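Letter by letter, the chains look like this.
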Amino acid sequence: MADTDTDAPDIEELVGVEEPGFRHVLACVFGIQDHESRTYLVLLDNPGSTVAELAEDLDRDRSNVNRSLTTLLEKGLVDRERRLLDPGGYVYQYTATPLPEAKELMHRTLDTWVEQVHEAIDGFGGA
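Bear in mind that the values here come from a model prediction, so they are computed numbers and not experimental data.

**Looking at the packing of aromatic side chains**
Enumeration over the complete set of coordinates arrives at one aromatic pair. Judged by centre distance (5.4 Å) and plane angle (75°), the rings of Y90 and Y92 are edge-to-face. Over the ring of Y92 we find R80, and its NZ or CZ is 4.0 Å from the ring centre. Here the guanidinium or amino end of R82 rests over the ring plane of Y90, the centre of that ring lying 4.4 Å away.

Structure below.
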């Protein structure tokens with residue numbers, strides 16, 4: 001399945017949306033793409049997944065899944081652990097940040113953005 005990468009939705013897109021879905025809110029708040037939000041949600045249900053397992057579950061190329069995981073790691077939405085294999089070598093396993101922690105992170109990120117908007121409003125016109 002080919003990925004159709006589009007720009008990540010802006011947080012401003014949440015304004016005026018009556019009932020945004022969790023995946024959309026996740027994408028907007030963290031500035032990530034929809035496929036990255038989807039990856040996070042699949043990991044919630046499949047903790048300890050490898051890139052190969054996620055690629056199969058998401059029907060995406062492994063390199064694209066790897067890029068999504070890198071972004072999610074940077075945003076604090078995913079943890080990675082290295083597991084040694086019996087015949088030698090290792091594999092990385094990924095686990096989504098638990099939903100309560102992710103929600104708290106979303107609240108903090110959104111609160112920071114709202115504070116910046118309020119400051120911009122207050123600073124407009126030299127007031």
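**Topic: the nonpolar core**
Core analysis: the biggest nonpolar cluster contains 23 residues, and F30, L69 and L77 have the highest contact counts within it. Contributions of two or more residues to this core are made by α1 (22-30), α2 (34-45), α3 (51-58), α4 (62-75), β2 (90-96) and α5 (99-123). The contacts of L77, once residues within four sequence positions are left out, are L26, F30, I32, Y40, L72, T95, A96, T97, A102 and L105.

**What to know about the environment of L73**
With respect to the element layout, L73 can be found in helix α4. Taking C-alpha positions, L73 is 9.5 Å from T97, a pair spaced 24 residues apart along the chain. Setting aside chain neighbours within four positions, we find L73 in contact with V78, D79, R80 and Y94.

How each quantity is defined
Residues numbered from 1 in each chain as written. Predicted model: local features only at pLDDT ≥ 70, side-chain atom pairs only at ≥ 80, totals over all residues. Heavy atoms only, no water. Phe/Tyr/Trp six-rings, centres within 6.5 Å; stacked < 30°, edge-to-face > 60°. Lys NZ or Arg CZ within 6 Å of the ring centre and 35° of its normal. Core = buried A, V, L, I, M, F, W, Y, C linked by side-chain atoms within 4.5 Å. Buried < 20%, exposed > 50% of the residue type's maximum accessible area, 1.4 Å probe, protein only. Helix = DSSP H or I, 4+ residues; strand = E, 2+ residues; numbered from the N terminus. Contact = heavy atoms within 4.5 Å.

None of this, on its own, says anything about what the molecule does.
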